[in-house]
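Single-letter residue listing:
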Amino acid sequence: MAKGIYTILLLLVSNSFMTLAWYGHLRFGTDKLLPKWGLFGIILISWLIAFFEYCAQVPANRLGFQGNGGPFSLIQLKVIQEVITLMVFVVFSAIFFKTETLQWNHFVAFLLLVGAVYFVFMK
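All of these numbers come straight from a predicted model, not from anything done at the bench. (Residues numbered from 1 in each chain as written. Predicted model: local features only at pLDDT ≥ 70, side-chain atom pairs only at ≥ 80, totals over all residues. Heavy atoms only, no water.)

## Remarks on the packing of helix H3 (residues 74-96) against helix H4 (residues 104-121)
The geometry of H3 relative to H4 is characterised by a closest axis approach of 10 Å and an angle of 160° between their N-to-C directions. What the angle tells us is that H3 and H4 run roughly antiparallel. Pair H3 / H4 crosses with left-handed handedness. Together, Ile75, Gln76, Val79, Ile80, Val83, Leu86 and Met87 of H3 and Phe110, Leu113, Ala116, Val117, Val120 and Phe121 of H4 make up the contact between the two elements. Among the residues forming the contact of H3 with H4, the class breakdown is twelve nonpolar, one polar and no charged. (Axes fitted to C-alpha atoms, helices over the stretch in contact; angles between N-to-C directions. Helix = DSSP H or I, 4+ residues; strand = E, 2+ residues; numbered from the N terminus. Parallel < 35°, antiparallel > 145°, perpendicular 65-115°, else oblique. Left-handed = near helix turned anticlockwise from the far one by under 90°. Contact = heavy atoms within 4.5 Å. Nonpolar A, V, L, I, M, F, W, Y, C, P; charged D, E, K, R; others polar.)

Next comes the structure, spelled out in structure tokens:
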């Protein structure tokens, strides 16, 4: 049970860094410093942020994988990670991109992903 909780917590941390690396530059590009860096500079900053994503993602997968004594199959790990990615992205976009609004179809899509978690754990 503890390995499963640690895996999910590490995936939350990992996806927070990933979302910041992938989408943060879209928001932070409006400040005065980052536009002067150009595309190469933004890529470099994103890679530096993504390093911390990997520092959480790799241990999460190793800890959670059944082949290493964890509670999750490879497919279960991937589905969990995708749902966490969506949850983190929704929070991120609500905080940093106030112009983006959630529509009813976004909620339906999220519910379908939660359904995917149910089905992937079904025996």
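## Notes on the pattern of salt bridges
Taken as a whole and judged by the stated rule, the model has one salt bridge. Between Glu82 and Lys78 there is a salt bridge; the shortest N-O distance is 2.8 Å. Placement of the pair is Glu82 and Lys78 together in helix H3, with a separation of four residues, close to one helical turn. You can call Lys78 partly exposed: its relative accessible area is 46%. (Salt bridge = Lys/Arg side-chain N within 4 Å of Asp/Glu carboxyl O. Buried < 20%, exposed > 50% of the residue type's maximum accessible area, 1.4 Å probe, protein only.)

## Quick notes on the environment of Gln81
With respect to the helices and strands, Gln81 occurs in helix H3. For the pair Gln81 and Ala60, spaced 21 residues apart in sequence, the C-alpha separation works out to 9.9 Å. Those residues in contact with Gln81 that lie beyond four places of it in its chain are Leu11, Asn15 and Gln57. Reaching out from Gln81, the side chain makes a polar contact with the side chain of Lys78 at a distance of 3.1 Å. (Polar contact = N/O pair within 3.5 Å; in protein donor to acceptor, adjacent residues only side chain to side chain.)

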